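An overview of the molecular structure
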Amino acid sequence: MRNNKTNMPSHFNVDERATLLALLDHGRQSLMPYDGAWKADWLLSDVTAPIWPLRTSESRFVNGAWRRVRVLHWRATLPDGSLLTDPENSYILGIAQRATFLVRFLSGFGIDSSLALEQWAARMKTLCQWLFLNEALFAPRTHAFSRVNTGAINDFFSSYISGGKSRLLQLPERCLRYFYEKALGREVQLSTDQRLFQIPPADTEAITAWLESENFYTRKNSSRDWNQRYIDRGLLADCLSCGWQEMKSDRMNSFLRQFEPELVQASSQLLLPINGFNTEYPGHWIRDIDTVFRTPVSFTHASAMLSTWKDLFRLKRHLPDALPPTEHIDLSAPKYMVAHKSSPVKHTPWVPLKTALQYTTEALRLLVTVGDVIVDFYIEALRAFSGLGLFNEQRDSSSVRRVKRDSRNDWIRRSVPDQLSELRISGWTTVFAAHSRNVHHLLRTAPALSDILQVLVGGVVVLIGITKPSRGSELRSLRRDCVRLVEGDGYWIEHKNRKANANDHLLNTSKPIPAVTARAISLLGRLGDALCELFSDNDSYAQESLFYLPTFRVTGTPNPRVLDSMAFIDCLDAFCDYVALPSDSHGRRWYVRPHELRKSFLITFFWCFKYSSLDAARWVAGHSSAEHVYAYIEANFPGEELPQIEAEYAAKQLRDWSSEEQSGEEENLDLLYSAVCDHFQVSNISLIGESELEDWLVIAFSKGIYRIEPYEMHSRDNLVKTVIAFRVNEVVEDGS
């Protein structure tokens, strides 16, 4: 360190010298084994605790306790029946916990948020389960990862990529062995993965009968006998010594569907969720059974798993006895498998334009015609019930609760404003509390006041998402004061950019929104203010949150809270069922999600304004790169529409470039110009007919002879400019 000080550049000031010394010290520390206290401000427990409370930007210390923390559970069922947190597994658990701590604590691993850490830890637990599945080889209780070699990792990725975690942990095989032994009294012959999903009908019937006799079948909400029965995943997991979470994966569900006749009868093609669905119809994202078991793991998940192995081996000097000599580990085969054998990344689907317009229209209608009246009436009802003592109290008997319930419903029916008469509000008690098959019909024809408020909230989310592209977590974190009016410039919304995350600290950004969206946001803000006033919540985060709203679908006190992700989605689903668009040929309805609305905005924006809008679309969406926006466009434009748009754009740029004496800003436009002229054997583009030029460009873009590729140029003051580049590939033309 003394040499660092004496060799310091003479022109450095005090601050620059201190910064350089800190960087040098950080570099020196990164090359040495970690010998710190295993404490960090983001970890609110001891590193050896079985449950880690992780602090986030939304965490608050209220009344002596941390609230809104992310919880990381280290409990995991291992193939030998023990738990990762059992005392006999303390060594391997300690290695897993310290590795997880280090990838967040040390720089260079890219784990800079609690969510990323939780996901990394989940993959680490999978690695531990795999070690115990092969306990004879690895002896993880005493050797942790030190016996892992290149061949073992190759086997790991071969299984994982072909069938995910269920194939890696051999869950279908273990399940079938158990079924055949118990139901048929013999061993099962497993030759290929295909056989796992094509059990002979006679064997299936025998296994189903045995499952019935052993009470393996259950149903969601046993009092509603129209819900189909399914195999109790928790009971089966206990029999197989695995976690129930692993038994609920799509791949395991597709395997077990062979033994769930009621669900097969409901749909022989779709992989209906085992616990049913709260919506009127299955969602559009429900896949067919055949696709689920045939599709390899996605590139995203496979590459994340590969990164976890890489991260683990980088920790060799910090955990020397727990890891193998890294110079003997060759990851070239796993890299190849991830790149070539995983399934391609599928972008979030674009909400069909007609569907998006219908939902937007209904959201606008609700907001403009009755939105204010619904919120005012709800606040009035809260104040009346509070003043009259009509909310349930813990000491109330069932008869008192019944009287209060009837009084609340009577008050609502007597007090409904004339402006809401067409909604036919039936009372205060939610229609979803009734044991009825027709709850969604009642939602549309005789909703409770809280039900129609939930529908309104869903409509507000649709309006925000369709007019200002936002991620779901960005919407949920909006504050009540997030909107500001700039004189002469309209309304702007301030929110946290979830992709600009540094150690759980998010950057704020502002984007323009229409006046009607600002009105919708102010409506929720007014409701939140009233709830804070009536229920005296002293949580500062709740007092600021836009989505501090009632707990919906309850019969009594609304117990307001900041909506979590599931409650947020419930509002969107209620809105979609209220609008009641027709289902598709498979009986599915499109239930919109924030990320779908976000991408629909971007694609529609591009459709209207073409390539000149790419930079604006990137900025509005909060993307760092226009390439991401263009990836959505390429993945979602049907058929030949994108080549047609590319051809129209290229033709205009070529003619402008020719007439304006080669002043176009697009990269490689001169190469494209020369290539087109060579193809038509002319010296000037003006000699080519307009339709003839566009027809050829459509063919060329469709075949990949020409491509459009956006990229960014960054200035020193952090300004970003999107540049459109033309790529001309050397393709032997076939005369077309």
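Residues numbered from 1 in each chain as written. Predicted model: local features only at pLDDT ≥ 70, side-chain atom pairs only at ≥ 80, totals over all residues. Heavy atoms only, no water.

Describing the state of the cysteines
Such a bond, covalent and formed between the sulfur atoms of two cysteines, is termed a disulfide. The condition is simple: Defined by distance alone, a disulfide is two cysteine sulfur atoms within 2.5 Å.
Scanning all chains against the criterion turns up zero disulfides. Just so you know, Cys242 is unpaired, no disulfide at all, and the nearest cysteine sulfur is the one on Cys175, 8.3 Å from it.

Thoughts on the nonpolar core
Our working definition: We define the nonpolar core as a collection of buried residues of types Ala, Val, Leu, Ile, Met, Phe, Trp, Tyr and Cys that are connected through side-chain atoms lying within 4.5 Å of one another. Relative accessibility decides the category of a residue: with a 1.4 Å probe and only protein chains considered, values under 20% of the type maximum give buried, values over 50% give exposed, and everything between is partly exposed. What counts as a helix is a DSSP run of H or I of at least four residues, what counts as a strand is a run of E of at least two, and both are numbered from the N terminus. Note on contacts: a residue pair is in contact if any heavy atoms of the two residues lie within 4.5 Å.
By size, the foremost hydrophobic cluster in this structure holds 87 residues, and its most contacted members are Phe145, Phe259 and Trp309. In terms of residues, this core owes the most to one element, helix α4 (residues 114–133), which gives ten residues. Other than its neighbours up to four places away in sequence, Phe145 contacts Ile92, Ile95, Met124, Leu127, Cys128, Leu131, Trp309, Leu312, Ala322, Leu323 and Pro324. Counting residues in hydrophobic clusters, the runner-up holds 79 residues, among them Ile379, Ala518, Phe552 and Phe568.

Here we look at the pattern of salt bridges
To keep it simple, the criterion reads: Here, a salt bridge means any side-chain nitrogen of Lys or Arg that lies within 4 Å of a carboxyl oxygen of Asp or Glu.
On inspection of all chains with the given rule, the structure shows 31 salt bridges. Note that Asp80 is salt-bridged to Arg141, the shortest N-O span being 2.5 Å. Taken together, the positions of Asp80 in the loop between β4 (70–73) and α3 (90–105) and Arg141 in helix α6 (residues 140–143) put the pair 61 residues apart, joining distant regions of the chain. Residue class for Asp80 comes out partly exposed when judged on its relative accessible area of 33%. What makes Arg141 partly exposed here is its relative accessible area of 25%. Here Glu280 and Arg589 are joined by a salt bridge, their closest N and O atoms 3.0 Å apart. Residue Glu280 is found in the loop between α14 (261–266) and α15 (289–294), and its partner Arg589 is found in the loop between α25 (565–579) and α26 (594–609); the two are separated by 309 residues along the sequence. A relative accessible area of 3% means that Arg589 is categorised as buried. Look at the salt bridges and you will find they share partners, linking Glu280, Arg444, Asp577 and Arg589 into a network.

Describing the packing of helix α30 (residues 669–680) against helix α31 (residues 690–703)
Selection criterion: Angles here are taken between N-to-C directions and fall from 0 to 180 degrees, while the axes themselves are lines fitted to C-alpha atoms, restricted in helices to the stretch in contact. Put simply, angles under 35 degrees are roughly parallel, angles over 145 are roughly antiparallel, angles from 65 to 115 are roughly perpendicular, and the rest are oblique. Gly falls in the polar group here, along with every residue not listed as nonpolar (Ala, Val, Leu, Ile, Met, Phe, Trp, Tyr, Cys, Pro) or charged (Asp, Glu, Lys, Arg).
Direction vectors running N to C along α30 and α31 enclose 110°, while the axes themselves pass 12 Å from each other. As far as their axial angle goes, α31 and α30 are roughly perpendicular. Contacts from Val676, His679 and Phe680 of α30 reach α31 at Glu692, Leu693, Trp696 and Leu697. Within the contact of α30 with α31, the residues separate by chemical class into five nonpolar, one polar and one charged.

Considerations on the side chain of Thr517
Counting through the fold element by element, Thr517 comes out in helix α23 (residues 515–535). Filtering out sequence-adjacent residues up to four positions away, Thr517 remains in contact with Leu463, Ile464 and Thr467.

Here's the deal with the environment of Ala333
For Ala333, the location among the structural elements is in helix α17 (residues 332–341). Expressed as a C-alpha distance, the spacing of Ala333 and Asp155, which sit 178 residues apart in the sequence, is 10.0 Å.

Focus: unusual backbone geometry
Negative phi characterises most residues that are not glycine, and trans characterises most peptide bonds. Notably, Arg68 is not glycine yet its phi reads approximately 55°, a positive angle. Within the fold, Arg68 resides in the loop between β3 (65–67) and β4. A relative accessible area of 26% places Arg68 in the partly exposed class. Despite not being glycine, Ala144 shows a phi value in the positive range, around 50°. Tracing the sequence through the fold places Ala144 in the loop between α6 and α7 (150–168).

Looking at the side chain of Gln97
Assignment of secondary structure puts Gln97 in helix α3. Under the relative-accessibility criterion, Gln97 is labelled buried at 3%. Excluding residues within four positions of it along the chain, Gln97 makes contact with Val47, Thr48, Ala49, Trp52 and Trp74.

Notes on the packing of aromatic side chains
Our working definition: Stacked, tilted and edge-to-face pairs are distinguished by plane angle, under 30 degrees for stacked and over 60 for edge-to-face with tilted covering the rest, among Phe, Tyr and Trp rings (Trp via its six-membered ring) whose centres lie within 6.5 Å. Remark: a charge is flagged as sitting over a ring if the NZ atom of Lys or the CZ atom of Arg is within 6 Å of the ring centre and within 35 degrees of the ring normal.
For the structure shown, the criterion picks out 33 aromatic pairs. Taking the centre distance of 6.0 Å and the plane angle of 15° together, the rings of Phe377 and Trp411 count as stacked. Of this pair, Phe377 sits in helix α18 (residues 353–388) while Trp411 sits in helix α19 (residues 398–415); the two residues are 34 residues apart in sequence, bridging distant segments of the chain. What makes Phe377 buried here is its relative accessible area of 1%. For Trp411, a relative accessible area of 12% translates into the label buried. Through successive ring pairs, a cluster of aromatic residues spans Trp130, Phe138, Phe145, Phe156, Phe157, Tyr160, Trp309 and Phe313. We note Arg314 situated over the ring of Phe109; from NZ or CZ to the ring centre the distance is 4.0 Å.

As for helix α16 (residues 299–314)
The periodicity of an α-helix, 3.6 residues per turn, causes residues three or four positions apart to be oriented the same way. So the rule is basically this: Residue count minus one, scaled by 1.5 Å, sets the expected span of a helix.
For α16, with 16 residues, the first-to-last C-alpha span of 22 Å sits near the 22 Å given by 1.5 Å per residue. If you check which residues of α16 are buried, you get Ala302, Met305, Leu306, Thr308, Trp309, Asp311, Leu312 and Phe313. Buried residues in α16 make contact with α3, α4, α7 and α17.

Brief notes about the packing of helix α8 (residues 171–184) against helix α10 (residues 201–213)
As a packed pair, α8 and α10 sit with axes 9 Å apart at the nearest point and diverge in direction by 80°. By the criterion of interaxial angle, the relationship of α8 to α10 is roughly perpendicular. Contact residues: Tyr178, Phe179, Tyr180, Lys182, Ala183 and Leu184 in α8; Asp203, Ala206, Ile207, Trp210 and Leu211 in α10.

Comments concerning the pairing of strand β1 (residues 51–54)
Two faces belong to every sheet, and in a regular strand the side chains alternate between them. The condition that has to hold: Each pair of strands is called paired provided DSSP finds at least two bridges between the two strands.
The alternating pattern of β1 places Trp52 and Leu54 on a buried face, while none of Ile51 and Pro53, on the opposite face, is buried. Where β1 meets β4, four bridges bridge the pair, whose relative direction is antiparallel. In the sheet register, Trp52 faces β4, and the bridge partner there is Leu72.

Some thoughts on the environment of Ala542
On the secondary structure map, Ala542 appears in helix α24 (residues 540–544). Here the alpha-carbon distance between Ala542 and Arg60, two residues 482 residues apart in the chain, equals 10.0 Å. Excluding residues that lie within four positions of it along the chain, Ala542 makes contacts with Arg68, Arg480, Cys532, Asp537, Tyr548 and Val562.

A few points about the confidence of the model for the protein
Let me state the cut-off plainly: Across the chain, each position has a pLDDT score giving the predictor's confidence in that residue, from 0 to 100.
Summary statistics for the protein give a mean pLDDT of 84 and a share of 83% for residues scoring 70 or more. Contacts from residues 731–736, a stretch scored under 50 in pLDDT, to residues over four places away or in other chains number eight contacts.

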